[in-house]
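Residue-level structure breakdown
Each chain, written out:
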Amino acid sequence: MLRLVSLKLGRLYRYVKLAVLGSLAAALVLNTHSLLASLQRNELSERRFLQLNKCPACWGTSWCRKFLNGQLRLESWGRLRLLDFFNVKNVYFARYGEPREGSRRVVLKRLGSAQELADIDTKICRRATGRGRCDLLQALHATEFASLNGDVRLLTPDAVEGWSDLVHCPSQRLLDRLVRRYAETKDSGSFLLRNLKDSERMQLLITLAFNPEPLVLQSFPSDEGWPFAKYLGACGRMVAVNYVGEELWSYFNAPWEKRVDLAWQLMEIAEQLTNNDFEFALYLLDVSFDNFAVGPRDGKVIIVDAENVLVADKRLIRQNKPENWDVWYESKFDDCDKEACLSFSKEILCARVTVDHNYYAVCQNLLSRHATWRGTSGGLLHDPPAEIAKDGRLEALLDECANPKKRYGRFQAAKELREYLAQLSNNVR
């Protein structure tokens, strides 16, 4: 009976697949003329495609001259708007050319699906007028995004707390950093909010509220050693970041030596984001194989999706001493049988100095036997060589890191796992 059902489902899947491919082929034939035209056009130099008309309800304008001058061009298939149906996340690959430097690949993001971007407009209209549709630019001036304009000196925690994961529990020190490093202004370097133009302030606040990823990349830049993709600039509702390489999931079946090195880097990233000299803990709330990429030349692992990052100021926690602030916090294992599950309390992440969340997220969702992704299971370190499997130490450390059996077991397991992976990586190089 089960075999019969599976055969029927298999046939149904093939029929649906053929129908989709047939429909796509028919659409290509019927729209040949418009397709050829779209391949010749450079939509990245068009204000409407960039949604520049939405500004200052947008991500910025620092790269508009490069976009509008035609220095960026979508790669071949990215020019076909028919394929936008499959590009739900609105992520595009493009070539960026400088006269003296040649061209290089960059990644362009709208920072949301078409529906999510439409929802931004609706929310702004509702906040200003109570209606879902309105004159967006006029309505913007009746929202809290405009109320912080004028002579307001600082961006303060009480004004933006809870707007997004980035500022779920902001400190003044974090907000000063966000303003000082804001790349969409010519006056970057000042932490005074009043030094920004009205439009720049609104852009900053809207980014902070709806998708703070650009602010994470700007405030914790790769140039200073943070493990994030490099922020390049924005125009309208299109952000440009550097292209890192293939996503981590494409290395799922890479040679063992490569996977060991990647696993070690992932644990090092978890450690760096948890404990650093700046005393900011950056907690990754969304950890999956498509949120990381690997450089093709240096093999370096980089975070390429930083929308869901919570920043806790350890210095402020020590100063305020909330209840149990100095008690080590252990994240609870979440066996939910789905991809990329994590169990956490944002309030606790904001109130404890010593937290194992990043170790837990990397071990459970990427490295251990509990990790699943696109039908695969066993984690990045699946099928180790016979001598390592026989020894059993790797499996024991991964299990304790993902689902600890001893109190504070994950902290110790994470430390030992980093050391063990470093040892294995050195041995195989």
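Throughout, a residue's number is its position along its own chain's written sequence, starting from 1. In keeping with the predicted nature of the model, local features appear solely for residues at pLDDT of at least 70, side-chain atom pairs appear and are counted solely at 80 or more, and the whole-chain, interface and lining totals rest on all residues. With hydrogens and water stripped out, all remaining heavy atoms of the structure feed into the side-chain values.

Looking at an unreviewed UniProt entry, the chain carries the name DIA1 protein, with the source organism given as Glaucidium brasilianum. UniProt positions are given in the numbering used here, feature names are shortened, and annotations may be inferred rather than shown by experiment. Among the UniProt annotations of the chain, the heading Sequence similarities (unreviewed entry) holds the following wording: "Belongs to the DIPK family." Word for word, the UniProt comment on the chain under Subcellular location (unreviewed entry) is "Secreted".

1. Quick notes on the state of the cysteines
Joining two cysteines, a disulfide is a covalent bond between their sulfur atoms. Here, two cysteine sulfur atoms that lie within 2.5 Å of each other are counted as a disulfide. One pass over the full model with this rule turns up five disulfides. Each sulfur of the disulfide joining Cys55 and Cys58 lies 2.1 Å from the other. Of note, the bridge from Cys55 to Cys58 carries an S-S torsion of about 105° and is right-handed in sense. Across the pair, Cys58 and Cys55 agree in class, each one buried. Note on exposure labels: buried denotes an accessible area under 20% of the residue type's maximum, exposed denotes more than 50%, and partly exposed covers the range between, all computed with a 1.4 Å probe on protein chains only.

2. A word on the environment of Leu248
Mapped onto the secondary structure, Leu248 falls in the loop between β6 (246-247) and α12 (256-274). Considered as a pair, Leu248 and Ala293 are 45 residues apart in the sequence and their alpha carbons are 5.0 Å apart. Residues count as neighbours in contact if any of their non-hydrogen atoms are within 4.5 Å of one another. Residues contacting Leu248, with those up to four places away along its chain left out, are Leu262, Leu266, Phe289, Phe292, Ala293, Val294, Leu366 and Leu380. Put simply, DSSP H or I for four residues or longer makes a helix, DSSP E for two residues or longer makes a strand, and each gets a number counted from the N terminus.

3. Describing the pairing of strand β4 (residues 231-235)
Across the five residues that make up β4, a large majority, five, are buried. Bridge analysis of β4 against strand β5 (residues 238-242) gives four bridges, and the strand direction is antiparallel. Among the inter-strand pairings, Ala234 is bridged to a residue of β5, identified as Val239. Note on pairing: DSSP must find at least two bridges between two strands before they are called paired.

4. Some words on the packing of helix α15 (residues 357-367) against helix α17 (residues 393-402)
Convention adopted: a line fitted to C-alpha atoms gives each axis, helices being fitted over their contacting stretch, and angles between N-to-C directions are expressed from 0 to 180 degrees. One can describe the packing of α15 onto α17 by two numbers: an axis separation of 8 Å at closest approach and a directional angle of 120°. Between α15 and α17, the crossing angle belongs to the class labelled oblique. Seen along the crossing, α15 lies across α17 with a hand that is left-handed. Contacts from Tyr359, Tyr360, Cys363, Gln364 and Leu367 in α15 reach Leu398, Cys401 and Ala402 in α17. Residues are grouped as follows: nonpolar covers Ala, Val, Leu, Ile, Met, Phe, Trp, Tyr, Cys and Pro; charged covers Asp, Glu, Lys and Arg; every other residue, Gly included, is treated as polar. Looking at side-chain class alone, the contact of α15 with α17 contains seven nonpolar, one polar and no charged residues. Should an angle fall under 35 degrees it is taken as roughly parallel, and over 145 as roughly antiparallel, whereas 65 to 115 is taken as roughly perpendicular and any remaining angle as oblique. Whether a crossing is left-handed or right-handed is set by the direction in which the near helix is turned from the far one by less than a right angle, anticlockwise for left-handed and clockwise for right-handed.

5. Considering the packing of aromatic side chains
Stacked, tilted and edge-to-face pairs are distinguished by plane angle, under 30 degrees for stacked and over 60 for edge-to-face with tilted covering the rest, among Phe, Tyr and Trp rings (Trp via its six-membered ring) whose centres lie within 6.5 Å. Under the counting rule described, the total for this entry stands at 14 aromatic pairs. Considering the side-chain rings of Trp63 and Phe67, the 6.5 Å spacing of their centres and the 65° angle between planes classify their relative orientation as edge-to-face. Given the relative accessible area of 7%, Trp63 is considered buried. Looking at Phe67, the relative accessible area reads 0%, which means it is buried. Here Trp226 and Phe278 contribute two aromatic rings whose centre-to-centre distance is 5.6 Å and whose plane-to-plane angle is 40°, an arrangement assigned as tilted. Within this pair, whereas Trp226 is found in the loop between α11 (213-219) and β4, its partner Phe278 is found in the loop between α12 and β7 (280-284), the two being separated by 52 residues in sequence. Judged by its relative accessible area of 3%, Trp226 is buried. The exposure class of Phe278 is partly exposed, given its relative accessible area of 35%. A network of ring pairs unites the aromatic residues Phe220, Trp226, Phe278 and Phe280 as a single cluster. The ring of Phe49 carries Arg110 above its face, with NZ or CZ at 4.6 Å from the centroid. Only when the NZ atom of a Lys or the CZ atom of an Arg is both within 6 Å of the ring centre and within 35 degrees of the ring normal do we say a charge sits over the ring. The side chain of Arg173 reaches across the aromatic face of Phe280, ending 4.0 Å from its centre.

6. Section: helix α9 (residues 172-180)
When α9 is considered as a whole, its buried residues turn out to be Leu174, Leu175, Asp176, Arg177, Leu178 and Val179. Looking at the packing, one finds that the buried side of α9 touches α8 (157-160), α10 (198-210), α11, β7 and β10 (309-313).

7. A word on the pairing of strand β2 (residues 91-98)
In the case of a regular strand, side chains alternate between the two sheet surfaces. Relative to β2, strand β1 (residues 72-74) is paired through three bridges, and the arrangement is antiparallel. By the bridge assignment, Leu72 is partnered in β2 with Tyr96. The pairing of β2 with strand β3 (residues 102-109) spans eight bridges and is antiparallel. Among the inter-strand pairings, Arg95 is bridged to a residue of β3, identified as Arg105.

8. A short note on the packing of α12 against α15
One way to put it is that α12 packs onto α15 with a least axis distance of 9 Å and a crossing angle of 155°. If you check the angle between α12 and α15, you find them roughly antiparallel. Note on packing geometry: the crossing formed by α12 with α15 is right-handed. Contacts from Ala263, Leu266, Met267, Ala270, Glu271, Leu273 and Thr274 of α12 reach α15 at Asn358, Tyr359, Val362, Cys363, Leu366 and Leu367. For the contact of α12 with α15, the residue count by class is ten nonpolar, two polar and one charged.

9. Side note on the sheet that holds β4
Pairing in this open sheet of five strands is antiparallel, and the strands run β1-β2-β3-β5-β4 from one edge to the other. In this open sheet, the two edge strands, each paired with only one partner strand, are β1 and β4. Geometrically, the sheet is characterised by an average inter-axis angle of 35° between neighbouring strands, direction not taken into account.

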